[in-house]
Structure formats: structure tokens, C-alpha cells
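This is what each chain is made of:
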Amino acid sequence: MKIAVTSTGPTLDDNVEARFGRCPYFLIIDTDTMEYEAIKNPNIALGGGAGIQSAQLMSEKGITTVLTGNCGPNAFNVFGQAGIQVIVGVSGPVRNAVEQFKTGAFSSASGPNVASHFGMNTAPADPTPTGQPMTGPMGQGPGLGMGLGMGGGRGMGRGMGRGGGMGRGMGRGGGMGRGMGMGAPMGMPAGLPAAGPATGSPEDARLQKPEQELAALKQQAEMLEQQRHELNKRISELESGRKAVAVIDSENCTGCGICADVCPAGAIEVNEQAVVNDEACTGCAACVSECPNGAIILAQKKVGKPR
């Protein structure tokens, strides 16, 4: 049996991550052999739709069950339509969680256990061998953000400056574009190590160590690697003519029009039911998140070669 576990790091000895859509890693594990594949989460920095995109990714991996700490309604809906069992409230080392699963200690969830966008403003735990986040005083400094948005070219990104601050970039583009931007520096979220010169009290000064700067730089490198992965994924989509688009479930669609109102690309029209223009759809998942009837999913479709 193949299952997925959200993890703070790339090994079975790392801890189960509490957030599903914004976990640092997914571990795809064969429960019979305990062989596994560690996948860096490419959706961790998305401005919205991280849960949906991550659920789609897990569905493409052919898993039967997901073990995680928390799962919101959007991701849970995708899993339900894909026939994937979700187990929430899981914690501790991944290896232990898998062994407990094999003994039947867990039961599947009947619904989501957190609200939408639960993990959006929560800093990820640093994937140390113990699974515990590294902590340090907040810093300030210039930052650059580059985001890859799925919807209407909307993008959100974060970049860390050497002063320990972070820049948040947001952008909006039309059609098939990606949003990119540079943001003003802001305070570093709790749980991220500061990398710049010490400020504040003598205790703060003692906490500023080369190891913390190294950890911050590694974290920045991981973000860049995730962005590179997204760029390559998008290139492959354009070359193959396949992309993620919204698909309407005609049995559940009531023609309420909410999806058309929230679509940033103007790709949805509503007569008696919603109709998606596949070429205009950017796969942002805004409609999936807002549909009150769960009548929309994202799916890979061939929509023609780019001009």
C-alpha cells in the first residue's frame, strides 16, 4: 500500500508536519517495504490554493491514504473526489506514525478539522533531524520576493535578506502569466532564524551565530529550488499542451455564479450552469475554494499547443 505523510523534513525520522497544504515535504511511503520518496512541497509559498494543489499532487502519485496533522475543507474535498482516505491529528516521527497506521491505530476523518487557509500565515518548521523548529530573534533587512501564481498570473513569494528580514512579492497578470514582484521588507516570522547582525539586547547578540545564518541561507536556497521546480513544471505544461484547469461537476453545479465572480481570468460563464473556457483558465483554484457546493475540481487537460 502506498501512503503519503506530511513531514517537516525529508526522512522517516523527521516529525509529521501539522499543516497539509504548506508542509515542507511529502513522504510517499510503501508500507510493505518502508521504501519512500521525499518530495519538496512546490506549493508551500502559494498565496492561495496550496491545499488544493497539494491534494492534486498527491492524487497524481496514486496514494490511498494521507497522514497529516490538519486538513482543510478544500483539500479534503479533492481527496474525497479522488477516493483518498484522510487521517488527521497525527504527530511525532513519521516512522512511528506509519507503524501505528499499519497496526490499525488510526481511523479516517469524516471531514476537515480546520478552516480554509489554516496554514497560510504560519511559518514552517525547520526540517532538523529532531523535527523541531529552530528559533531566533527577529531581524530586519531588505528582501526580494518572487512568486509563481496559478490564478490569473497571481503570485506571492518570499525572499530572505541578509538582515534577517523577508520580502513578500505579489503580482497579477492576465492569461497564462505568472505573477512576480519585489516587496518591502518585513519582520521575519517566528520560527525562522535571523541571518543578519545582532540587534537588541546582549542576549540577542549571543544568539546570532554563523550556524543560524547558514540555516537561513539553506532555507532561502530551498525556496529558490521550489520556484525552479514550478518554472520547470510550467515549461513542461506549455510544451505538452496540458495544464490544470477547472472542471465543473454538472450534477452538483446550481449555476449560482460565484465561480464566475471570483475568477480573475474571466474564464467562467454561467447560463444554467457554469462553463469553463479551458484556454483562458489558469488553474488558480479560486473557483474551487469558493464554490459552496463542491462542484468544481482541478484536472490536467490537453488544451492545444501554445501559439
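Predicted model only: the values in this text are computed from it and were never measured.

S.K.: Is there a simple way to think about the packing of helix α1 (residues 50-60) against helix α2 (residues 73-82) in this case?
M.R.: When two helices pack together, you describe them by how their axes are tilted relative to each other and by the distance separating the axes. At a minimum axis separation of 7 Å, α1 and α2 run at an interaxial angle of 25°. Relative to α2, α1 is oriented roughly parallel. Classified by chirality, the crossing of α2 by α1 is right-handed. For the pair formed by α1 and α2, the contact residues are G51, I52, A55, Q56, M58 and S59 on the first element and N74, A75, V78, F79 and A82 on the second. Along the lines of polarity and charge, the residues of the contact of α1 with α2 split into seven nonpolar, four polar and no charged.

S.K.: I tried to follow the pattern of salt bridges on my own but got confused; where do I start?
M.R.: Opposite charge on two side chains permits them to pair, given that their charged atoms come into close proximity. This model, assessed by the stated rule, comprises five salt bridges. Between D13 and R95 there is a salt bridge whose closest N-O contact spans 3.3 Å. A residue pair is termed long-range when its members are at least 10 positions apart, and D13 in the loop between β1 (2-7) and β2 (25-30) and R95 in helix α3 (residues 94-102) qualify at 82 residues. Where R228 meets E225, a salt bridge forms, and the shortest distance between an N and an O atom there is 2.6 Å. Residue R228 and its partner E225 are both found in helix α5 (residues 210-240); the two are separated by three residues, about one turn of the helix. Note on R228: relative accessible area 44%, which makes it partly exposed.

S.K.: Would you mind showing me how to read the nonpolar core here?
M.R.: Most often, soluble globular proteins have nonpolar side chains that are buried together. Counting 37 residues, the largest nonpolar core has F20, M58 and F79 as its most contacted members. Where this core is concerned, the elements lending two or more residues are β2, α1, α2, β9 (242-248), β11 (274-276), α7 (286-290) and β12 (296-302). Once you skip the residues sitting within four places of it in the chain, M58 turns out to touch A4, F20, F26, I28, I63 and F79.

S.K.: Help me understand the state of the cysteines, please; the structure alone is not making it clear to me.
M.R.: Where two cysteines share a covalent bond between their sulfur atoms, that bond is called a disulfide. In total, this model carries zero disulfides according to the counting rule given. We note that C253 lacks a disulfide partner, and the nearest cysteine sulfur, in C259, lies 6.2 Å from it. The exposure class of C253 is buried, given its relative accessible area of 15%. Of all cysteine sulfurs, the one in C287 lies closest to C281, which takes part in no disulfide; the gap is 6.3 Å. Taking the relative accessible area as the measure of exposure, C281 reaches 8% and is therefore buried.

S.K.: Looking at this structure, how should I read the packing of aromatic side chains?
M.R.: For any pair of aromatic rings, geometry is given as the distance between the ring centres together with the angle between the planes. Overall, the coordinates contain two aromatic pairs when judged by the stated rule. Considering the side-chain rings of F20 and F79, the 5.2 Å spacing of their centres and the 70° angle between planes classify their relative orientation as edge-to-face. Residue F20 is located in the loop between β1 and β2, and its partner F79 is located in helix α2; the two are separated by 59 residues in the primary sequence. With a relative accessible area of 1%, F79 lands in the buried category. An aromatic cluster of three or more residues is present, and its members are F20, F26 and F79.

S.K.: What is the right way to read α3 from this model?
M.R.: Side chains three or four residues apart in an α-helix point the same way, a direct result of the helix having 3.6 residues per turn. By the burial criterion, the buried members of α3 are V94, A97, V98 and F101. Down the axis of α3, the smallest arc covering the buried residues is 100°, so these residues share one side. Residues of α3 that are buried in the fold lie against β1, β2, β4 (65-67) and β5 (85-87). Backbone geometry just downstream of α3 places G104 in the positive-phi region, at approximately 80°.

S.K.: What exactly am I supposed to notice about the sheet that holds β2 here?
M.R.: The strands making up a sheet associate through hydrogen bonds between their backbones, and the pairing can be parallel or antiparallel. With respect to topology, five strands assemble into an open sheet ordered β3-β2-β1-β4-β5, the strand pairing being mixed. This sheet does not close on itself; its edge strands, each paired only once, are β3 (36-40) and β5. Along the sheet, successive strands turn relative to each other by an average axial angle of 20°, direction set aside. Pairing of β1 with β2, which is carried by six bridges, proceeds in the antiparallel orientation. In the strand pairing of β2, A4 is matched with I28. Lying on the sheet, α1 is in contact with β1, β2 and β3; it crosses β2 at an angle near 25°.

Each value, and the rule that gives it
In every chain, residue numbers begin from 1 and rise along the written sequence. Totals for whole chains, interfaces and linings use all residues, but because this is a predicted model, local features are given only for residues with pLDDT of at least 70 and pairs of side-chain atoms are given and counted only at 80 or more. For the side-chain quantities, the full set of heavy atoms in the structure was used; hydrogens and water were omitted. Each axis is a line fitted through C-alpha atoms, and for a helix only the stretch in contact is used; angles between axes span 0 to 180 degrees, taken between their N-to-C directions. Numbered from the N terminus, helices here are DSSP runs of H or I no shorter than four residues, and strands are runs of E no shorter than two. Working definition: roughly parallel below 35 degrees, roughly antiparallel above 145 degrees, roughly perpendicular at 65 to 115 degrees, and oblique for all remaining angles. A clockwise turn of the near helix away from the far one marks a right-handed crossing, whereas an anticlockwise turn of less than a right angle marks a left-handed crossing. The contact criterion used is simple: two residues touch if any of their non-hydrogen atoms lie within 4.5 Å. Only Asp, Glu, Lys and Arg are considered charged, only Ala, Val, Leu, Ile, Met, Phe, Trp, Tyr, Cys and Pro nonpolar, and every remaining residue, Gly among them, polar. Salt bridges, as used here, are contacts in which a Lys or Arg side-chain nitrogen is within 4 Å of a carboxyl oxygen on Asp or Glu. Type-normalised accessible area, obtained with a 1.4 Å probe on protein chains alone, sets the label of each residue: buried when under 20%, exposed when over 50%, and partly exposed for intermediate values. Note on terminology: a nonpolar core comprises buried Ala, Val, Leu, Ile, Met, Phe, Trp, Tyr and Cys residues joined through side-chain atoms within 4.5 Å. Two cysteine sulfurs form a disulfide in these notes if their separation is within 2.5 Å. Aromatic contacts are taken between Phe, Tyr and Trp rings whose centres are within 6.5 Å, Trp giving its six-membered ring; a plane angle under 30 degrees counts as stacked, one over 60 as edge-to-face, and the others as tilted. Throughout, the arc means the angular range of directions from the helix axis out to the C-beta atoms. The rule for pairing is simple: two strands pair if DSSP sees at least two bridges between them.

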